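What follows is each chain in one-letter form.
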Amino acid sequence: GQNIDQPTEMTATEGAIVQINCTYQTSGFNGLFWYQQHAGEAPTFLSYNVLDGLEEKGRFSSFLSRSKGYSYLLLKELQMKDSASYLCAPGEYKLSFGAGTTVTVRA
Amino acid sequence: EAQVTQNPRYLITVTGKKLTVTCSQNMNHEYMSWYRQDPGLGLRQIYYSMNVEVTDKGDVPEGYKVSRKEKRNFPLILESPSPNQTSLYFCASSLGGPGAGNTIYFGEGSWLTVV
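This structure is a prediction, so every number in the text was calculated from the model and none was measured. (Residues numbered from 1 in each chain as written. Chains lettered and ligands numbered in written order. Predicted model: local features only at pLDDT ≥ 70, side-chain atom pairs only at ≥ 80, totals over all residues. Heavy atoms only, no water.)

## What about unusual backbone geometry?
No. 1: The omega angle of the peptide bond from B:Asn7 to B:Pro8 is 0 degrees, so this bond is cis rather than trans.
No. 2: Note on placement: B:Pro8 falls in the loop between β1 (4-7) and β2 (10-13).
No. 3: Of note, the phi angle at A:Glu77 is positive, near 45 degrees, even though the residue is not glycine.
No. 4: Checked against the element boundaries, A:Glu77 lands in the loop between β8 (70-75) and β9 (84-91).
No. 5: With a phi close to 60 degrees, B:Asn28 is a non-glycine residue in the positive phi region.
No. 6: Looking at where B:Asn28 falls in the secondary structure, it is placed in the loop between β3 (19-25) and β4 (31-38).
No. 7: Taking the relative accessible area as the measure of exposure, B:Asn28 reaches 52% and is therefore exposed. (Helix = DSSP H or I, 4+ residues; strand = E, 2+ residues; numbered from the N terminus. Buried < 20%, exposed > 50% of the residue type's maximum accessible area, 1.4 Å probe, protein only.)

## A few points about the pattern of salt bridges
Residues and elements named next belong to chain B.
No. 1: Taken as a whole and assessed by the stated rule, the structure comprises 6 salt bridges over all chains.
No. 2: Between Glu108 and Arg9 there is a salt bridge; the shortest N-O distance is 3.4 Å. Taken together, the positions of Glu108 in the loop between β10 (105-106) and β11 (110-114) and Arg9 in the loop between β1 and β2 put the pair 99 residues apart, joining distant regions of the chain.
No. 3: For Glu108, a relative accessible area of 53% puts it in the exposed group.
No. 4: Residue Arg9 is classed as partly exposed on the basis of its relative accessible area, which comes to 24%.
No. 5: When the shortest N-O distance is used, the salt bridge between Glu79 and Lys65 registers 3.2 Å. (Salt bridge = Lys/Arg side-chain N within 4 Å of Asp/Glu carboxyl O.)

## Considering the nonpolar core
No. 1: By size, the foremost hydrophobic cluster in this structure holds 20 residues, and its most contacted members are A:Ile20, A:Leu32, A:Trp34, A:Leu73, A:Leu75 and A:Tyr86.
No. 2: Of all the secondary structure elements, the ones that give two or more residues to this core are β3 (18-26), β4 (31-37), β7 (60-65), β8, β9 and β10 (101-106) of chain A.
No. 3: Looking at which element gives the most residues to this core, the answer is β3(A), with 4 residues.
No. 4: Beyond its immediate stretch of four places on either side in the chain, A:Leu32 contacts A:Tyr24, A:Ser47, A:Tyr48, A:Asn49, A:Leu64, A:Ser71, A:Cys88, A:Ala89, A:Pro90 and A:Gly91.
No. 5: Among the nonpolar cores identified, the runner-up in size contains 19 residues, and B:Val21, B:Trp34, B:Val60 and B:Leu78 belong to it. (Core = buried A, V, L, I, M, F, W, Y, C linked by side-chain atoms within 4.5 Å. Contact = heavy atoms within 4.5 Å.)

## Considering the sheet that holds strand β5 (residues 44-49) of chain A
Note: strands within a sheet are paired through backbone hydrogen bonds, in either parallel or antiparallel orientation.
Residue and element names in this part refer to chain A.
No. 1: Ordered by their spatial adjacency, 5 strands build an open sheet running β2-β10-β9-β4-β5, and the pairing between neighbours is mixed. Every other strand in the sheet has two partners, leaving β2 (9-13) and β5 as the edge strands with one partner each. Strand after strand, the sheet turns through a mean of 25 degrees between neighbouring axes, direction not considered.
No. 2: Bridge analysis of β4 against β5 gives 5 bridges, and the strand direction is antiparallel. In the sheet register, Phe33 faces β5, and the bridge partner there is Tyr48. (Pairing = 2+ DSSP bridges. Axes fitted to C-alpha atoms, helices over the stretch in contact; angles between N-to-C directions.)

## Topic: the sheet that holds β3(B)
Residues and elements named next belong to chain B.
No. 1: Here 4 strands make up an open sheet; going across it, the order is β1-β3-β8-β7 and the pairing antiparallel. A single partner strand is all that each edge strand has here, and the edge strands are β1 and β7 (65-66).
No. 2: Relative to β3, β1 runs antiparallel, the two being bridged by 4 bridges. Note on β3: the bridge partner recorded for Gln6 is Cys23.

Here's what the structure looks like:
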């Protein structure tokens with residue numbers, strides 16, 4: 001099984017930076033996904049980390065430390081449309097998601 | 001257009017009345033999966049399938065059945081629905097297992113209410 005822990009809610013101002021942390025314990029691990037989900041919609045892929053370190057994709061970056069069972073998603077230059085839930089998911093055959101972090105961006 | 005299609009999108013049904021939620025993908029994906037999403041609990045995997053005729057339990061399989069007779073279809077069957085199965089259900093697929101880093105594509109979701 002997997003234990004995945006991420007904060008429930010975060011609030012930030014437009015243009016700011018927010019870091020969403022995720023810790024996990026899993027019996028099997030190959031890499032870690034981050035997904036974005038707007039209310040009532042399907043999740044959409046953001047990133048996948050398999051090696052330790054930081055991967056940058058435009059305004060979004062994701063970091064992984066396999067030895068620590070830790071990842072974070074960094075959202076820069078926040079926009080109103082970034083208000084959504086962000087789901088951390090350690091990847092193996094049974095892909096389990098964390099409960100998600102709801103990010104609210106305020107003007 | 002590459003997509004995962006699930007039906008029905010919205011359903012209200014009564015306790016004990018068998019129902020099937022269909023899922024179909026047109027991307028020739030080997031891996032398919034069903035999730036349910038409940039407030040505060042996130043996405044929980046019900047069943048997954050690595051290929052035709054290969055299915056396995058996820059984290060919350062009780063009360064559900066699946067079948068994978070064809071590569072493109074992965075129906076979710078509730079033999080005797082109960083109110084605690086009221087939830088938002090997502091079907092998903094990927095080229096291979098998520099452990100290999102394959103992106104999971106989700107259907108639009110099916111809102112199921114059991115009264």
